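The chain contents come next:
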Amino acid sequence: MPAQSAAALAVNPLDASSLLSAFGALGVAVVMFAETGLLIGFFLPGDSLLFTAGLLARSGAHSGPHLDLVQVLAASVAGALGGAQVGYVLGRRGGRTLLTRSRSRKLHEGAERAEELLGRYGHARAIVLARFVPVVRTVLNPLAGALGVAPRTFTLWQVTGGLVWTVGLVLAGYGLGSAVPHVDHYLLPVVGAVVALSLLPVALELLRNRRRRAAVTPGARPEEPGSPEGRPAPAPSAGQEP
């Protein structure tokens, strides 16, 4: 068996470096498509894969394969946008049924969060924000189709969110790798920080929404015990029988 085929068989789908070493830019496209378009891809490492691919596209010596930046950008955008659109179409044809048949607790939790995003922020903002939340970005696309989100609305905002997510993370990895020597030696903590930062837009949106609700809904004053109107009954005057 050729060495390349043996490497492909030994690939770890949860490890971004392993995927890139085995498949290169093509692996980026496949993973992006599966994670954003197929419910079975919810466990794939989308954020870390994009950042690591950008890191490995920089010039100079580094551990791991050397990737072409233009190819990585094209593969990530094509996979993420195409996958989301396919997920939406599948959702229109039976997304609820697919989710009901799944026994994954993590997938059902993601569906609940995706539906909450759609109800709280509206279609446009929810579709963009979902790109930055693991599992939710997998479930929201078929869920949007199942809930009857207009095709034009979904396409516009999934393309917007997909471009910001993919291009932003790839260029972040490329820029950091070019600016910091040997940053690939500290890949795990760097990727962890990137994943945390990718959740920042959602966290800020949740905080902003909570403050807005607190300002619109003032606290109710409790009624004082006493008379039926909530006022204490007046004390009887002198010479008046109680």
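Quick summary incoming for the structure in this document. (Residues numbered from 1 in each chain as written. Predicted model: local features only at pLDDT ≥ 70, side-chain atom pairs only at ≥ 80, totals over all residues. Heavy atoms only, no water.)

Turning next to the side chain of Thr36. Topologically, Thr36 is positioned in helix α3 (residues 25-37). Given a relative accessible area of 0%, Thr36 falls into the buried group. A polar side-chain atom of Thr36 sits 3.4 Å from the main-chain carbonyl oxygen of Ala80. When residues no more than four places from it in sequence are discounted, the contact partners of Thr36 are Gly79, Ala80, Gly83, Ala84, Arg131, Arg137, Thr138, Asn141 and Trp165. (Helix = DSSP H or I, 4+ residues; strand = E, 2+ residues; numbered from the N terminus. Buried < 20%, exposed > 50% of the residue type's maximum accessible area, 1.4 Å probe, protein only. Polar contact = N/O pair within 3.5 Å; in protein donor to acceptor, adjacent residues only side chain to side chain. Contact = heavy atoms within 4.5 Å.)

For the rest of this paragraph, the subject is helix α5 (residues 69-92). Counted at 1.5 Å a residue, the expected span for α5 with its 24 residues is 34 Å, and the 35 Å between its end C-alpha atoms agrees. One side-chain oxygen at the N-terminal end of α5 lies 3.2 Å from the backbone nitrogen of Val70; it belongs to Asp68. One or two residues past the end of α5 sits Gly94, with phi positive at roughly 145°. (Expected span 1.5 Å × (residues − 1).)

Let us now look at the nonpolar core. Formed by 23 residues in total, the largest nonpolar core has its most connected members in Leu20, Val28, Met32, Leu50, Leu67 and Trp165. Ranked by the residues each element gives to this core, the list is headed by α3, at 6 residues. Not counting residues within four places of it along the chain, the set of residues in contact with Met32 comprises Gly46, Leu49, Leu50, Ser76, Gly79, Ala80 and Trp165. Among the nonpolar cores identified, the runner-up in size contains 17 residues, and Ala114, Tyr121, Leu129 and Val149 belong to it. (Core = buried A, V, L, I, M, F, W, Y, C linked by side-chain atoms within 4.5 Å.)

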